[in-house]
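# Per-entry structural report
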Amino acid sequence: VLQAFLEEQEECAGSEPQNIPENIGPLTELEYWKTRYNKFENIQDQLNTPELRAALGVLRFARSDNLKRWQDIETDLTEGMHEA
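Residues numbered from 1 in each chain as written. Predicted model: local features only at pLDDT ≥ 70, side-chain atom pairs only at ≥ 80, totals over all residues. Heavy atoms only, no water.

### Things to note about unusual backbone geometry
The residue Arg63 is not glycine, and still its phi comes out positive at about 50 degrees. Within the secondary structure layout, Arg63 lies in the loop between helix 3 (50-62) and helix 4 (66-83). Among the residues examined, Arg63 registers a relative accessible area of 72% and is labelled exposed. (Helix = DSSP H or I, 4+ residues; strand = E, 2+ residues; numbered from the N terminus. Buried < 20%, exposed > 50% of the residue type's maximum accessible area, 1.4 Å probe, protein only.)

### So, the pattern of salt bridges
A full pass over the atoms with the stated rule returns two salt bridges. Taking the shortest distance from any N to any O, the salt bridge between Glu74 and Arg53 comes out at 2.4 Å. Here the residue Glu74 occupies a position in helix 4, and Arg53 occupies one in helix 3, the gap between them amounting to 21 residues. Overall, the relative accessible area of 19% leaves Glu74 in the buried class. (Salt bridge = Lys/Arg side-chain N within 4 Å of Asp/Glu carboxyl O.)

### A few points about the packing of aromatic side chains
Throughout the structure, instances matching the rule amount to one aromatic pair. Centroid distance Tyr32 to Trp33: 5.1 Å. Interplanar angle 85 degrees. Geometry classified as edge-to-face. Lying across the ring of Phe40, Lys39 places its NZ or CZ 5.6 Å from the centre. (Phe/Tyr/Trp six-rings, centres within 6.5 Å; stacked < 30°, edge-to-face > 60°. Lys NZ or Arg CZ within 6 Å of the ring centre and 35° of its normal.)

Interpretation note: all reported values are geometric properties and have no functional meaning in isolation.
The structure is reproduced here in structure tokens:
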């Protein structure tokens, strides 16, 4: 279950912005970036739930190999939010 969850989050966190055609208006581009930001914000909110914080604590306690992967995903999500 953890592997599937991490893979799903990696896919979202690592997704590059789509090429936005040059001939669209500023409101359309603004809406694109707002939607992208909201997506990252929702994922970040899910990662900050008590249940997932507890899971992270278990990974730390167990010194799991997945801990680094989890931290990398959180970093990528934060960078994605800042970009948006």
